[in-house]
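Observations on the three-dimensional arrangement
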Amino acid sequence: MLLNQFKTGSVAASTLGGSRGSAVVLRKVKNMGKPETVKATASGSEGAASPGWLETNLGKATSYVDKKLHSDGSGAKGASDMVEYKGTAVVVKKLKMLDLIDRVADAQDDAAELLQGKKVSIQLMSGEIDPSTGKGMLSKETTLEGWVKIFDPLTAEQIPFELKWSVPKSFGVPVAIFVKNTHPNEFLLENFHIDLPDKSVAQFFTNSWVFNTEKTEPIGPRMFFNNKAYLPHETPAALKELRAKELETLRGNGTGERIVSDRIYDYDYFNDLGTPDAAEGDPAKLEELSRPPLGGNKEFPFPRRVRTGRPMCKSDPKTETRYQNVYGEFYVPSDERFDYVKMSDNKADLAKAGGHIAQTKLQVKVLKKASFESIADVKKLFAPKGETSGLNNVLPDKADVPAKDQHPLRFLNELTAQRADGQKPNAFRFPIPQILKHSDTAWQTDSEFARENLAGLNPMQIKLVTEFPIKSKLGPEFGDPSSAITAKHIEDKLEGRTVEEALSEKKLFTVDHHDTFLPWVERINAQPIGKSYASRVLYFLSADETLKVVAIELVLPPMKGAEKVSRVYTPPKDTSKTDYIWEFAKAHAMSNEMTVHQSISHFTLCHAVTEPAIIASNRQLSKLHPMMQLLKPHFRHTLTTNSTARMNLLPTGGTIELIYTPQKYVVRMASVFYRDNWTFENNGLPKDLIKRGMAVPDSSAKHGVKLTIEDYPYASDGLELWAAMKSWNSEYIDIFYKDDKQVQEDPELQAWYKEYRDVGHGDKKDAPGWIELDSKESLAEIVTTIIWICTAMHAPINFGQYDYASWMPQHPTMTRRLIPEQGTKEWEEMQADPEKFWLTLISDPDNTTTAMAVFEVVAAHAPNEEYIAQRSEGWTENEKVRQIISSASFNRSSIIVLKH
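Residues numbered from 1 in each chain as written. Predicted model: local features only at pLDDT ≥ 70, side-chain atom pairs only at ≥ 80, totals over all residues. Heavy atoms only, no water.

1. A look at the overall build of the protein
Spelled out, the test is: Starting at the N terminus, helices and strands are each numbered in turn, a helix being any DSSP run of H or I of at least four residues and a strand any DSSP run of E of at least two. Relative accessibility decides the category of a residue: with a 1.4 Å probe and only protein chains considered, values under 20% of the type maximum give buried, values over 50% give exposed, and everything between is partly exposed. In this description, contact between two residues means that some pair of their heavy atoms is separated by no more than 4.5 Å. Residue exposure ignores everything except the shown protein chains as possible cover, and the areas themselves are Shrake-Rupley values with a 1.4 Å probe.
Summing up its helical and strand segments, the protein has 30 helices and 23 strands in all. Taking all 900 residues of the protein together, the buried fraction comes to 56%. The contacts of the protein with a sequence gap of at least 6 include a subset with a gap of at least 24, amounting to 74%. Approximately 38100 Å² of the protein is accessible, and the part contributed by carbon and sulfur atoms is 53%.

Structural data, given as structure tokens:
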């Protein structure tokens, strides 16, 4: 923090003490990379008056601190009985926004140091027991000297502090540290290690915000454990009480409203998506603005979220209020917030996306542009080919921004810096997505429409057809359960086979959203904008092992006593010209696919399912537990991402409601899908493939299953990753658990899984598909499933969004019109200009650019992205663990850890 010289005149002299011209002199720190102690003295003439207020009180504070915090820890022992431990604490000071230092907070902390002697101290605890207390031996507290600087950086900087402790030779390896922060503001303790006299290094789990100790009473100083893992029964005596205390702190007591300094993990329903109080008593508005709670009821079950404890709405006591904290966020435990690199990068991505949509938004507002004029008009949203480098999707072995172009403010790097490929982003146009880079027309082909079910952004919905006609599982109120697709529609496309032969040869596949949509279609179509069908698409696996679309079924539900209306569309035989009716059918099927992709596959089956795993892990698994150390890196940033989704994407009037056809029903549809379809074990890739008929068990196959379609990249690549993960997890488990009995008798482990199932997924706790946690093998299956969900399963769903879905004509998130029937005015309108009619049927410019901006932001990688095979330095002291993580089989797994 920049501190100006205290210039004193006659008035100041009477206050500060000393003669005219006296000043508090601060020694400038020359080496900003390595902090130096900053001393404060008072200088004046020899005939100066007695010390003034500042000099006297600063002297008292310094004396007190020296006595209390700078003791060498020798006590009555002689110097020969003591050894010196040296440590390094790496600190980032409080941030204001992005990665900018909070200058006001820094000044407050500096003043607290200089004027009140309030500092930051660290105390070591040994694993050896002190006979006088029956607890771990403690060192004296050592303060972080050099906090006050003349010229602090403007942006976040990792500041190393060197510390020393004099401890008895019998002290041994420290197993915990206690950090006391008497500054008014928090700081990030990013890293801490101790260099021991035997040349070994003790690493500690930190990377945590440390708030003012007085504000966190009665918890007291922050405690951090070293990086050695212990099963509960192996915990050293010195750590047993602290291990239990830490978990108790993280659980909280289930009451009160959470504040930003809290680290409490607790459960609640998704009951903060509505805004009923905004209706101000208007019944019509109340109906429009209210949203039912998800979770805790049979109609809309859902995984649990982090509890915030905010008061309930006055208009609806079942809905929680939605106000935000001082950071403009919903509460998440303090260590779950985006780190400053991720935050700056994310805000830069938002700013770039804002520039890309600005022109279109202006046209919509000023020119009232309701639809695109042509496909060429849509293409104007993108920069010319070769002008922009696209998204920041760099792999770990690729350069991001060259060092010479880097700016201390990461936000500016992302906005302005030249990319590694020598190009700069276009400020006002979107980057070209992969789907358009190599061909302007491939997106419209039926082969691409089919291929993306195996290698696109939602490759986990396709399944084998096992009966024909396909039958719905809905009740009789929805009409005849049989599909309207008959043999007559498709047999000329089966390469000489009958339907029965195609079934027996496992040649027919479907992406079937009929049951997901049909109960909602009438309500969706009653809304002012969106118009939808229930959809079912049928595919045939041809001789060249590629999928071909053979039929699309679009269904309207029974209304006013009439039968449901099913219309079947088949691909045109003449592909030399565009068959727009067929394109309309594909658009409706793809729009439904987009809804399922975002609300079900992405948010519900990845993000929402993972949230209770994070909560249960922090509540029941100590940081000393080997399973916590295994799982935690995969959970990074997820809770903040989820809370941001609740704040901006999912609520009443949120982005998801605005851009997807079901609008206000979209999240409820996801809840019903979770209720009717989700089981824990089927999240594991092999069982998921078997359930969908995309693989069969085969003990002779490489991974124990044989794929129904060999050229299925999500499955074939995924099985390699699954096998590598499970192999690594099994080897890891073998290091810590001797036998199955130890798994069964591990109280933390059993409490963790029970809470994840019974509380985190309380609405589904009695459903089938829960794996019994009774062996090392079952534990490996459980943790591999959890890790799979938030890494390899999530990766194609999230990171493929922009490259596929930003091209709206292929992936419309909204359908605004039904397909016209002959003899209607709509049919005549379509005949007059079919392309223009098509563009009035799918997303409008406002909707399109909003969706593109969302996809651009969430699909980008942060500069500090982490990969499955990566771990921070010193994450474990166990040599066996380090060896298996560096094994060749595991290093093949380079799928991004979940971030968005």
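Moving on, there is more to tell.
2. Some details on the confidence of the model for the protein
Selection rule: Confidence scores here are pLDDT values: one per residue, from the predictor, ranging 0 to 100.
Averaged over every residue, the pLDDT of the protein is 86; residues scoring 70 or more account for 85%. Predicted confidence is poor over residues 1-76, with pLDDT under 50, and the contacts of this stretch with residues over four places away or in other chains come to 119 contacts. Note that residues 892-900 has pLDDT below 50 and, in this model, 52 contacts with residues that lie over four places away or in other chains.

3. What about the environment of Gly354?
With respect to the helices and strands, Gly354 occurs in helix α6 (residues 340-366). For the pair Gly354 and Ala427, spaced 73 residues apart in sequence, the C-alpha separation works out to 9.2 Å.

4. Here's the deal with unusual backbone geometry
Cis geometry is found at the peptide bond from Phe468 to Pro469, where omega equals 0°. The backbone of Glu280 sits at a positive phi, close to 50°, despite the residue not being glycine. Along the chain, Glu280 turns up in the loop between β15 (267-268) and α5 (283-289). Glu280 gets classed as exposed once you look at its relative accessible area, which sits at 73%.

5. Some words on the layout of surface pockets
In plain terms, the rule: The pocket and cavity definitions rest on a 1 Å grid over protein atoms only: a 1.4 Å probe that fits but cannot leave marks a cavity, an open set with protein on both sides within 12 Å along at least five of seven lines marks a pocket, and residues lining either have an atom within 4 Å of a point. Grid points are joined across faces, edges and corners, and a volume is the space filled by probe spheres set on the points. Polar here means any residue other than Ala, Val, Leu, Ile, Met, Phe, Trp, Tyr, Cys and Pro, which are nonpolar, and Asp, Glu, Lys and Arg, which are charged; Gly is therefore polar.
Roughly 1700 Å³ of internal volume is contained in the largest pocket. What lines the largest pocket is a set of 49 residues, and nearest its centre among them are Glu190, Asn207, Arg636, Glu866 and Ser872. Contributions of two or more residues to the lining of the largest pocket are made by β11 (187-195), β12 (201-204), β13 (208-210), β14 (222-225), α6, α14 (580-620) and α15 (626-631). Among the residues making up the lining of the largest pocket, the classes are represented as 19 nonpolar, 15 polar and 15 charged.

6. Concerning the sheet that holds strand β19 (residues 534-541)
The strands making up a sheet associate through hydrogen bonds between their backbones, and the pairing can be parallel or antiparallel. So the rule is basically this: Between any two strands, pairing holds if DSSP finds at least two bridges.
The five strands lie next to each other as β17-β18-β19-β20-β21, forming an open sheet whose pairing is antiparallel. The sheet is open, and its two edges are formed by β17 (463-464) and β21 (565-569), each paired on a single side. Pairing of β17 with strand β18 (residues 508-512) involves two bridges; the strand directions are antiparallel. Looking at β18, one finds that Leu464 is bridged to Phe509.

7. Some thoughts on the nonpolar core
So the rule is basically this: Throughout, nonpolar core names a set of buried Ala, Val, Leu, Ile, Met, Phe, Trp, Tyr and Cys residues whose side chains join them through atoms within 4.5 Å.
Formed by 159 residues in total, the largest nonpolar core has its most connected members in Met627 and Trp752. For this core, the element with the highest residue contribution is α14, accounting for 20 residues. Met627 has contacts with Leu621, Tyr732, Ile733, Tyr737, Leu749, Leu779 and Val783, leaving out every residue within four places of it along the chain. Counting residues in each nonpolar core, the second largest holds 26 residues, with Val91, Leu163, Ile177 and Val210 among its members.

8. Quick word on the packing of aromatic side chains
Quick reminder of the rule: For Phe, Tyr and Trp, rings pair up if their centres lie within 6.5 Å, where Trp contributes its six-membered ring, and each pair is then called stacked (planes under 30 degrees apart), edge-to-face (over 60) or tilted (otherwise).
On inspection of all chains with the given rule, the structure shows 31 aromatic pairs. Consider the rings of Tyr753 and Trp770, whose centres lie 6.2 Å apart with planes at 75°: the pair is edge-to-face. Pair noted here: Tyr753 is in helix α22 (residues 747-760) and Trp770 is in the loop between α22 and α23 (776-789), with a separation of 17 residues, a long-range link. Residue class for Tyr753 comes out buried when judged on its relative accessible area of 2%. Here Trp770 falls in the buried class, since its relative accessible area comes to 15%.

9. Observations regarding the pairing of strand β9 (residues 159-168)
Taken across its 10 residues, β9 has seven buried, putting it largely inside the fold. Direction of pairing for strand β3 (residues 82-93) relative to β9: antiparallel, over a ladder of 10 bridges. Of the residues in β9, the one forming a bridge with Tyr85 is Trp165.

10. Considering the environment of Thr840
Residue placement: Thr840 occurs in helix α27 (residues 834-841). Taking the relative accessible area as the measure of exposure, Thr840 reaches 16% and is therefore buried. Sequence separation between Thr840 and Thr815 is 25 residues, and the spatial gap between their C-alpha atoms is 8.6 Å. Excluding residues that lie within four positions of it along the chain, Thr840 makes contacts with Ser371, Arg816 and Arg817.

11. Some points on a nonpolar patch on the surface
This is how the line gets drawn: For patch building, the residue pool is restricted to those with more than 30% relative accessible area and no salt bridge; the joining distance is 9 Å between like charges and 5 Å between nonpolar side chains (Val, Leu, Ile, Met, Phe, Trp, Tyr). We define a salt bridge as a contact between a side-chain nitrogen of Lys or Arg and a carboxyl oxygen of Asp or Glu at a distance within 4 Å.
A grouping of Leu362, Val366 and Leu367 is seen on the molecular surface, where their side chains present a nonpolar patch of about 330 Å² in accessible area. One can find Leu367 in the loop between α6 and α7 (375-379).

12. Brief notes about the pattern of salt bridges
Taken as a whole, this structure holds 46 salt bridges when the rule is applied. Its salt-bridge partner being Arg243, residue Glu748 comes within 2.7 Å of it at the nearest N-O pair. Taken together, the residues span a long stretch of sequence, with Glu748 in helix α22 and Arg243 in helix α4 (residues 237-251) at a distance of 505 residues. For the pair formed by Glu748 and Arg243, the shared burial category is buried.

13. Observations concerning empty space enclosed by the protein
Tallied over the entire structure, the rule returns nine cavities of 30 Å³ or more. Of the volumes computed, that of the largest cavity is approximately 140 Å³. If you trace the largest cavity, you find 15 residues lining it, with Phe449, Asn453, Tyr539, Met590 and Glu593 closest to the centre. Listing elements by their share of the lining of the largest cavity, those giving two or more residues are α10 (446-455), β19 and α14. Class assignment for the residues of the lining of the largest cavity results in seven nonpolar, six polar and two charged.

14. Considering α14
For the α-helix, the turn length of 3.6 residues means that residues three or four positions removed from each other point alike. Just so we agree on the cut-off: Multiplying one less than the number of residues by 1.5 Å gives the expected span of a helix. Note that the bend at a residue is defined as the angle between axes fitted to the seven residues ending at it and the seven residues starting at it. Pairing of N or O atoms within 3.5 Å defines a polar contact, subject to two protein rules: one partner must be a possible hydrogen donor and the other a possible acceptor, and residues neighboring in sequence count only if both atoms are side-chain atoms.
For α14, which comprises 41 residues, the first-to-last C-alpha distance of 57 Å matches the rise-based estimate of 60 Å (1.5 Å per residue) to within 8%. Taking the largest bend as the criterion, α14 deviates by roughly 45°, centred on Phe603. Of the residues that open α14, the one with a side-chain oxygen 3.2 Å from the backbone nitrogen of Ile581 is Asp579.

15. Here's the deal with α6
For α6, built from 27 residues, the straight-helix expectation of 39 Å at 1.5 Å per residue is met to within 8% by its first-to-last C-alpha distance of 37 Å. Of all the bends in α6, the greatest, near 40°, is centred on Ala358. For α6, the N-terminal cap is Asp339; the gap from its side-chain oxygen to the backbone nitrogen of Val341 is 3.0 Å. Once α6 ends, the next one or two residues include Lys368, with phi positive near 55°.

16. Details of the packing of helix α20 (residues 713-736) against α23
Note the threshold: Simply put, an axis is a line fit to the C-alpha atoms, just over the touching stretch for a helix, and the angle between two N-to-C directions goes from 0 to 180 degrees. Each angle receives one of four descriptions, namely roughly parallel if under 35 degrees, roughly antiparallel if over 145, roughly perpendicular if within 65 to 115, and oblique otherwise. By definition, any crossing whose near helix is turned counterclockwise from its far helix by less than a right angle is left-handed, and any crossing with a clockwise turn is right-handed.
Running from N to C, α20 and α23 point in directions that differ by 130°, and their axes come no closer than 9 Å. Here α23 runs oblique to α20, going by the angle between their axes. Considering the relative orientation of α20 and α23, their crossing is right-handed. Every residue of α23 that contacts α20 at Tyr714, Gly718, Leu721, Trp722, Met725, Lys726, Asn729, Ser730, Ile733 and Asp734 is listed here: Lys776, Glu777, Leu779, Ala780, Glu781, Val783, Thr784, Thr785, Ile787 and Trp788. Split into classes, the residues belonging to the contact of α20 with α23 amount to 10 nonpolar, five polar and five charged.

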